Amino acid sequence: DGMFAVAPPIISRIFHELNLVAKHYHEAQTVEMWPFPFPYVQANVLLLQIYIILTPLILSTWDAEPWLCASAAFMSTVCMSSLEMIAAEIANPFGDDPNDLPSFEMQRSMNAN
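Residues numbered from 1 in each chain as written. Predicted model: local features only at pLDDT ≥ 70, side-chain atom pairs only at ≥ 80, totals over all residues. Heavy atoms only, no water.

1. Quick look at the overall build of the protein
Thinking step 1. Counting secondary structure elements, the protein contains four helices and zero strands.
Thinking step 2. Computed over its C-alpha atoms, the radius of gyration of the protein comes to 25 Å, more than 25% above the 13 Å expected for a compact globule of 113 residues.
Thinking step 3. Split into buried and exposed, the 113 residues of the protein put 9% on the buried side.
Thinking step 4. Taking as baseline every contact in the protein between residues at least 6 positions apart, the subset at least 24 positions apart corresponds to 50%.
Thinking step 5. Only carbon and sulfur atoms are counted for the fraction: they give 70% of the accessible area of the protein, which is about 9700 Å². (Helix = DSSP H or I, 4+ residues; strand = E, 2+ residues; numbered from the N terminus. Rg over C-alpha atoms; globule rule 2.2 N^0.38 Å. Buried < 20%, exposed > 50% of the residue type's maximum accessible area, 1.4 Å probe, protein only. Contact = heavy atoms within 4.5 Å. Areas by Shrake-Rupley, 256 points an atom, 1.4 Å probe, with all protein chains shown as cover.)

Below, the structure written as structure tokens:
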């Protein structure tokens, strides 16, 4: 009579998986559609620059060895700069950069399965 002979639990599982795929697609679409607020990004960049300038000056007042102050200032500013770069990459996970999500390969893999 033109109907597939598939057990109801299998059909239910298929619809469940389709629902999960649609949900994840809409979550990824939301990340792409709603960019991070520009003023917040600019404030972070400004505060990071102030931090990079002030940290060596403040740490130079320590009563410690100069190499210890310099290494602490260097490590601190590198860590803060790294966090800013990671946040910039997380804010835009799609694109052509080497660290972006491989969305085309993920789609091909999903279509193959």
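2. Description of the pattern of salt bridges
Thinking step 1. One pass over the structure, following the stated rule, counts one salt bridge.
Thinking step 2. Ionic pairing is found between Glu17 and Arg13, a salt bridge with its closest N-O pair at 3.0 Å. Note that Glu17 and Arg13 are positioned in helix α1 (residues 8-33) at a spacing of four residues, about one turn of the helix. (Salt bridge = Lys/Arg side-chain N within 4 Å of Asp/Glu carboxyl O.)

3. Here we look at the layout of surface pockets
Thinking step 1. What the largest pocket holds in volume is close to 400 Å³.
Thinking step 2. As for the largest pocket, its lining consists of Val21, His24, Tyr25, Ala28, Gln29, Phe94, Leu101, Ser103, Met106, Gln107 and Met110.
Thinking step 3. At the level of secondary structure, the elements contributing two or more residues to the lining of the largest pocket comprise α1 and α4 (103-112).
Thinking step 4. If you tally residues by element for the lining of the largest pocket, the top one is α1, at five residues. (1 Å grid on protein atoms, 1.4 Å probe; cavity = no way out; pocket = protein on both sides within 12 Å on 5 of 7 lines; lining within 4 Å. Points joined across faces, edges and corners; volume = space filled by probe spheres on them.)

4. Regarding the state of the cysteines
Thinking step 1. Overall, the coordinates contain zero disulfides when judged by the stated rule.
Thinking step 2. With no disulfide of its own, Cys69 lies closest to Cys79 among cysteine sulfurs, the gap being 17 Å. (Disulfide = S-S within 2.5 Å.)

5. Brief notes about the side chain of Thr77
Thinking step 1. Counting through the fold element by element, Thr77 comes out in helix α3 (residues 66-91).
Thinking step 2. Residue class for Thr77 comes out buried when judged on its relative accessible area of 12%.
Thinking step 3. Residues within four places of Thr77 in sequence aside, it is in contact with Tyr51, Ile52 and Thr55.

6. Observations regarding a nonpolar patch on the surface
Thinking step 1. Taken together, the side chains of Phe4, Val6, Ile10, Ile11, Ile14, Phe15 and Leu18 make up a nonpolar region of the molecular surface, amounting to roughly 730 Å² of accessible area.
Thinking step 2. With respect to the helices and strands, the residue Phe15 is situated in helix α1.
Thinking step 3. Residue Phe15 is classed as exposed on the basis of its relative accessible area, which comes to 54%. (Patch = residues over 30% accessible without salt bridge, like charges linked within 9 Å, V, L, I, M, F, W, Y side chains within 5 Å.)

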